[in-house]
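This is what each chain is made of:
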Amino acid sequence: MVPSKVVLITGASSGIGEATARLLAAAGHRVVLGARREERIEAVAKEIRAAGGMAEHHALDVTSLSAMRSFAAGAQERHGQIDVLVNNAGVMPLSPLDALAVEDWNRMIDVNIRGVLHGIAAVLPLMRARGAGHIVNLSSISGHRVDPTAAVYSATKFAVRAISEGLRQESRDIRVTVISPGFTSTELSDGIRDNDIRAAVREGMRSAIPATAVGAAIEYAITQPSEVDVNEIVVRPTMQA
Ligand code: NDP
């Protein structure tokens, strides 16, 4: 049996983060849920505890380094260690570059890149001090290819892969995993303002896999023996091009 781990999950109020929290808690891990919509993470944590799992929640905006640091420091204080951080929080307000949606570009950079870096900054010293730990970063199929309207989103997800590979190369004690999902049924497309682009993405989402499929990939990576570092998992609908 895999020993119970302390797992911090950002963006746990919906979609992949929520599904991962539920799966890992059902497998006996202690999950610490973070997101901005506190009432939602509170409800998920309550449901997990009612089902016999170990879960707690803390409001978190990953664009704030100090918020991310106190999220991690609190977990470290309460549980003595952080075994895994899942840097999952992300946004995808797609638009063509011509639309000059500069605020959306900046938001994607702030959440999808800075948020991941803030997560790493918050846990890396703690994991290095212990000589163990695991950082799981959510990239995407869009971290492997670029499509129209997704230039900036793809850039952020390419960045997640670059940062993860750099961290892996610099580490002999900490495991680093990139999860690159394809279409997954979540709330992610709600953030697309352009009606036509949102409709096109939702059309593609008709073949989407459930968020639990991505959660299962994360569970696989973190439950391997400590000398086994699963570096990347690409998981997408069978029928996705
Ligand atoms: P959801 O929109 O369902 O979930 C996104 C999560 O990110 C929410 O819990 C949201 O919580 C959180 N979030 C957004 N901004 C912040 C912030 N500033 N601080 C903290 N949390 C934040 O989408 P998914 O579950 O699909 O997305 C999860 C990850 O998976 C993302 O990184 C996404 O890019 C990636 N991904 C998703 C794919 C898909 O097809 N669904 C495909 C490939 C990758 P709140 O608003 O409460 O803060």
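Residues numbered from 1 in each chain as written. Predicted model: local features only at pLDDT ≥ 70, side-chain atom pairs only at ≥ 80, totals over all residues. Heavy atoms only, no water.

Draft legend 1. Looking closely at helix 1 (residues 15-26). Taking 1.5 Å of rise per residue, 12 residues should cover 16 Å, and helix 1 covers 17 Å from first to last C-alpha, within 8% of that figure. Taking burial as the measure, the 12 residues of helix 1 include nine buried ones, the bulk of the element. For helix 1, the complete set of buried residues consists of Gly15, Ile16, Gly17, Glu18, Ala19, Thr20, Ala21, Leu24 and Ala25. Phi for Gly28, located one or two positions after helix 1, is positive at around 100°. (Helix = DSSP H or I, 4+ residues; strand = E, 2+ residues; numbered from the N terminus. Expected span 1.5 Å × (residues − 1). Buried < 20%, exposed > 50% of the residue type's maximum accessible area, 1.4 Å probe, protein only.)

Draft legend 2. Representation of the pairing of strand 5 (residues 133-138) in the model. Counting buried positions along strand 5 gives six out of six residues, so the element sits mostly inside the fold. Residue alternation in strand 5 divides its side chains into two sets, Gly133, Ile135 and Asn137 and His134, Val136 and Leu138, and both sets are buried. Inspection of the sheet shows strand 4 (residues 84-87) paired to strand 5 by four bridges, in the parallel sense. Within strand 5, the position partnered with Val84 by the bridge is His134. Relative to strand 6 (residues 174-181), strand 5 runs parallel, the two being bridged by six bridges. Counted as the bridge partner of His134 is Arg175 from strand 6. (Pairing = 2+ DSSP bridges.)

Draft legend 3. Structural context of the site of the ligand. The ligand sits among 31 residues. The nearest are Ser13, Arg36, Arg37, Tyr153 and Thr186. In this structure, Arg36 approaches the ligand through a side-chain N or O atom, which is 2.7 Å from an oxygen atom. Contact distances for the ligand include 3.4 Å between an oxygen atom and a backbone N or O atom of Gly90. A total of 880 Å² of accessible area belongs to the ligand in isolation, and the protein chains cover 95% of it. For the shell around the ligand, the secondary structure elements donating two or more residues are helix 1 and helix 5 (151-169). Split into classes, the residues belonging to the shell around the ligand amount to 14 nonpolar, 12 polar and five charged. (Near = heavy atom within 4 Å. Polar contact = N/O pair within 3.5 Å; in protein donor to acceptor, adjacent residues only side chain to side chain. Areas by Shrake-Rupley, 256 points an atom, 1.4 Å probe, with all protein chains shown as cover. Nonpolar A, V, L, I, M, F, W, Y, C, P; charged D, E, K, R; others polar.)

Draft legend 4. Examining the side chain of Asn88 more closely. Here Asn88 lies in the loop between strand 4 and helix 4 (102-130). Relative accessible area serves as the criterion here: at 12%, Asn88 is assigned to the buried category. At a separation of 3.0 Å, a polar atom in the side chain of Asn88 contacts the main-chain carbonyl oxygen of Gly11. Setting aside chain neighbours within four positions, we find Asn88 in contact with Thr10, Gly11, Ile16, Gly17 and Leu138. (Contact = heavy atoms within 4.5 Å.)

Draft legend 5. Broad picture of the side chain of His134. Note that His134 resides in strand 5. Within the local environment of His134, its side chain forms a polar contact with the side chain of Thr177, the two groups lying 2.8 Å apart.

Draft legend 6. Molecular detail of helix 5. In this model, helix 5 (19 residues) spans 27 Å end to end at C-alpha, consistent with the 27 Å of a helix rising 1.5 Å per residue. Buried residues along helix 5 sit in contact with helix 4, strand 5 and strand 6.

Draft legend 7. Region of interest: the sheet that holds strand 1 (residues 6-10). The seven strands lie next to each other as 3-2-1-4-5-6-9, forming an open sheet whose pairing is parallel. Looking along the sheet, the strands with just one partner apiece sit at the ends: strand 3 (54-59) and strand 9 (232-235). Looking at each pair of strands side by side, their axes are set apart by 15° on average, direction ignored. Pairing between strand 6 and strand 9: four bridges, direction parallel. Paired with Pro181 across the bridge in strand 9 is Val235. (Axes fitted to C-alpha atoms, helices over the stretch in contact; angles between N-to-C directions.)

Draft legend 8. Region of the structure containing the pairing of strand 1. Summarising burial for strand 1: five of the five residues are buried, a large majority. Where burial is concerned, the two faces of strand 1 agree: the one with Val6, Leu8 and Thr10 and the one with Val7 and Ile9 are both buried. Here strand 1 runs beside strand 2 (residues 30-35); their pairing, made up of five bridges, is parallel. Each bridged residue has a counterpart across the sheet, and for Leu8 the counterpart in strand 2 is Val32. Regarding topology, helix 1 serves as the crossover connection from strand 1 to the parallel strand 2, and that connection is right-handed. Of the pairings in the sheet, the one linking strand 1 to strand 4 comprises three bridges and is parallel in character. Its bridge partner lying in strand 4, Val7 is registered against Val84. (Right-handed = clockwise from strand over helix to strand, strands pointing away.)

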